[in-house]
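The lines below spell out each chain.
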Amino acid sequence: MLRTLGIEVASHVLRVGRVTLNRAATWEEISALTLCEEVVLGCVDEPTEAHMKEEVEEAARTGDTVGGVFEVVAHGVPAGLGTYANWDERLDGQLAQAVMSIQAVKAVEIGRGVIAAESFGSTVHDPIQYAAKDTGKPTRFTRPQNNAGGLEGGVSNGEDIVVRGYLKPISTLRRPLESVRFDNRETTSASYERSDICVVPAAGVVAEAMVVLTIARLAQEKFGGDSALEMRRNFDGYIQQIRSY
């Protein structure tokens, strides 16, 4: 349904263990991953991905597991989805709940939220600019940096929506941790059946689906209609309205 409206969602891996992609990934790089037949870890930068692979291999050698961070980007979302009026209908809150509900995700970040918490406002708040008709681009308000991750006041602002999920290492270790038996409460080692070493790439794919479901539900509420064609007509009329503001 979202593709009918020109909205696309894709993910990539931002961090595995101690290895982080230390630059912003472009939408073109992220969307290109969806066209690859073979994906190792889903990082857009090959040298960084190679170091991530080494991190996973080290965990495998020591019988350990490793977590990380995935990033989901929704491209082409128009301004105006969500609401600032009710706390439980804010788009950022709904996205955070959707991604946080994924197993092993222990934290969710919208845009540059973590950096913003330790920065001065003048360095993280997005200046608002305006693309006029004579620029050759669609007329709309823009943000040059998108530190807010496409959301302001619980509402989409027309920039890419950026959501990150922080994934803990999964708990089924080949080198089990200490545990306690149910029958006699005595100390024992946790049982081991099988264990993946790193599930960050897979979690990113699950998060894509959760973000799609969240945005699709709000788009359906906003644009309505009994068919995809009717929704597209309503959507096009809305886009024309906000661009002529």
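All of these numbers come straight from a predicted model, not from anything done at the bench.

Calculation criteria
Residues numbered from 1 in each chain as written. Predicted model: local features only at pLDDT ≥ 70, side-chain atom pairs only at ≥ 80, totals over all residues. Heavy atoms only, no water. Axes fitted to C-alpha atoms, helices over the stretch in contact; angles between N-to-C directions. Helix = DSSP H or I, 4+ residues; strand = E, 2+ residues; numbered from the N terminus. Left-handed = near helix turned anticlockwise from the far one by under 90°. Contact = heavy atoms within 4.5 Å. Parallel < 35°, antiparallel > 145°, perpendicular 65-115°, else oblique. Nonpolar A, V, L, I, M, F, W, Y, C, P; charged D, E, K, R; others polar. Phe/Tyr/Trp six-rings, centres within 6.5 Å; stacked < 30°, edge-to-face > 60°. Buried < 20%, exposed > 50% of the residue type's maximum accessible area, 1.4 Å probe, protein only.

Caption draft 1: Spotlight on the packing of helix 3 (residues 91-100) against helix 6 (residues 200-223). Contact geometry of helix 3 with helix 6 gives a least axis separation of 9 Å together with a crossing angle of 145°. Pair helix 3 / helix 6 crosses with right-handed handedness. Seen from helix 3, the contacting residues are Leu91, Gln94, Leu95, Ala98 and Val99; seen from helix 6, they are Met210, Val211, Thr214, Ile215, Arg217 and Leu218.

Caption draft 2: Inspection of the packing of helix 6 against helix 7 (residues 228-243) at higher detail. Relative to each other, helix 6 and helix 7 sit at 80°, their axes nearing to 9 Å. Taken as axis vectors, helix 6 and helix 7 run roughly perpendicular relative to one another. Here helix 6 contributes Gln220, Lys222 and Phe223 to the contact with helix 7, which in turn contributes Met231, Asn234, Phe235 and Tyr238. The residue makeup of the contact of helix 6 with helix 7, split by class, is 4 nonpolar, 2 polar and 1 charged.

Caption draft 3: Highlighting the packing of aromatic side chains. The tally for this structure, following the rule as stated, stands at 3 aromatic pairs. When the centroid spacing of 5.0 Å and the interplanar angle of 55° are considered together, the rings of Tyr130 and Phe141 count as tilted. In this pair, Tyr130 is assigned in strand 5 (residues 129-131) and Phe141 in strand 6 (residues 140-142), connecting sequence segments 11 residues apart. Classification of Phe141 as partly exposed rests on a relative accessible area of 42%. Ring plane angle 80° and centroid distance 5.2 Å describe the contact between Phe223 and Phe235, whose orientation is recorded as edge-to-face. You can see Phe223 sitting in helix 6 and its partner Phe235 sitting in helix 7, a full 12 residues away along the chain. Its relative accessible area of 5% is what places Phe235 among the buried residues. A network of ring pairs unites the aromatic residues Phe223, Phe235 and Tyr238 as a single cluster.

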